[in-house]
Amino acid sequence: MSWDWEVVDDFMPRFWDGLALTLQALVLGSLIAFTLGLVWAMAQRSDLKAIRWPVTVFTEFVRNTPLLVQLFFLFYVVPEWGPSMSPLTTGIIGLGLHYSTYTAEVYRAGIGGVPQGQWEAATALNLPRTRTWTAVILPQAIRRVVPALGNYVIAMLKDSPMIAVIGALEMFGEAEGFSNETFTTEAYTIVGVAFIVIAYPASLLIRLLERRLALTS
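Residues numbered from 1 in each chain as written. Predicted model: local features only at pLDDT ≥ 70, side-chain atom pairs only at ≥ 80, totals over all residues. Heavy atoms only, no water.

In this section: the pattern of salt bridges. Charged atoms that come close allow side chains of opposite charge to pair. The tally for this structure, following the rule as stated, stands at five salt bridges. Ionic pairing is found between arginine 63 and glutamate 60, a salt bridge with its closest N-O pair at 2.3 Å. Of this pair, arginine 63 and glutamate 60 both sit in helix 2 (residues 49-63), three residues apart, which is roughly one turn of the helix. Note on arginine 63: relative accessible area 15%, which makes it buried. Within the structure, one salt-bridge network assembled from shared partners comprises Glu60, Arg63, Glu105 and Arg108. (Salt bridge = Lys/Arg side-chain N within 4 Å of Asp/Glu carboxyl O. Helix = DSSP H or I, 4+ residues; strand = E, 2+ residues; numbered from the N terminus. Buried < 20%, exposed > 50% of the residue type's maximum accessible area, 1.4 Å probe, protein only.)

Here is the structure:
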């Protein structure tokens, strides 16, 4: 098989469109995952069973259901009950919701790793519960789990091609469409290299951050 640079030139505009959509889904999906994950983790520590049990059941259900099934459910089933969403919006919500159940476990481990003395000191100072969380517990917990959260961002990047099945043409979706139209394979190679170029430096940065946090802890 020969490499055709004319095919590459033809594909590049679509590649840049796909890359922009991939990064948009990754950034917004990560924000949703980090935010909801913290909400789920804190809810699971609630003293109220009416809050703790439903959240636990929900997160277990989502974590043990394939992302692909969830995307189809959000895109094809949910609109029958409420407003429909664009493929990109559905993909962002699907990625964020799915990975929020994993980040919840990361947050839960981080919160559990805060020394009991910190809780006792906050109680001795008569700090309100909200103040205890925001000023004492969460800053320490989040600092411990930053590398693990970064790993899930990379995992989300690798799962982002799944949103192409609902019509959100990220990098892989654009490559698949172009290759089917032109009967060429260069687009797949370019997208594969792009994933490596994005993911590998990110993984090295996470390792470096993990080492620095370990040295300062």
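There's more to say after this.
Grouped together as the largest cluster of nonpolar side chains are 31 residues, with contacts concentrated most on Phe11, Phe15, Ile163, Met171 and Val191. With nine residues, the top contributor of residues to this core is helix 1 (residues 5-43). Apart from the residues within four sequence positions on either side, valine 191 is in contact with Phe11, Phe15, Met171, Phe172 and Ala175. Ala41, Val136, Val145 and Leu149 belong to the second-largest nonpolar core, a separate cluster that totals 14 residues. (Core = buried A, V, L, I, M, F, W, Y, C linked by side-chain atoms within 4.5 Å. Contact = heavy atoms within 4.5 Å.)

Relative to the elements of secondary structure, alanine 43 occurs in helix 1. On a C-alpha basis, the gap between alanine 43 and proline 54 in space is 9.4 Å, while along the polypeptide they are 11 residues apart. Aside from chain neighbours lying at most four places away, what touches alanine 43 is Ile51, Arg52 and Val55.

Here we take up a nonpolar patch on the surface. A cluster of nonpolar residues, Leu68, Phe72, Tyr76, Met162 and Val165, forms a patch on the protein surface that exposes about 410 Å² of accessible area. Turning to its location among the elements, valine 165 is positioned in the loop between helix 6 (129-159) and helix 7 (171-182). (Patch = residues over 30% accessible without salt bridge, like charges linked within 9 Å, V, L, I, M, F, W, Y side chains within 5 Å. Areas by Shrake-Rupley, 256 points an atom, 1.4 Å probe, with all protein chains shown as cover.)

For the rest of this paragraph, the subject is the packing of aromatic side chains. Evaluated as defined, the whole model comprises 13 aromatic pairs. Seen from their ring centres, phenylalanine 11 and phenylalanine 15 are 6.2 Å apart, and the 50° between their planes marks the pair as tilted. Taken together, the positions of phenylalanine 11 and phenylalanine 15, both in helix 1 and four residues apart, correspond to about one turn of that helix. Here the aromatic cluster, defined as three or more aromatic residues joined through ring pairs, consists of Phe11, Phe15, Trp16 and Phe178. (Phe/Tyr/Trp six-rings, centres within 6.5 Å; stacked < 30°, edge-to-face > 60°.)

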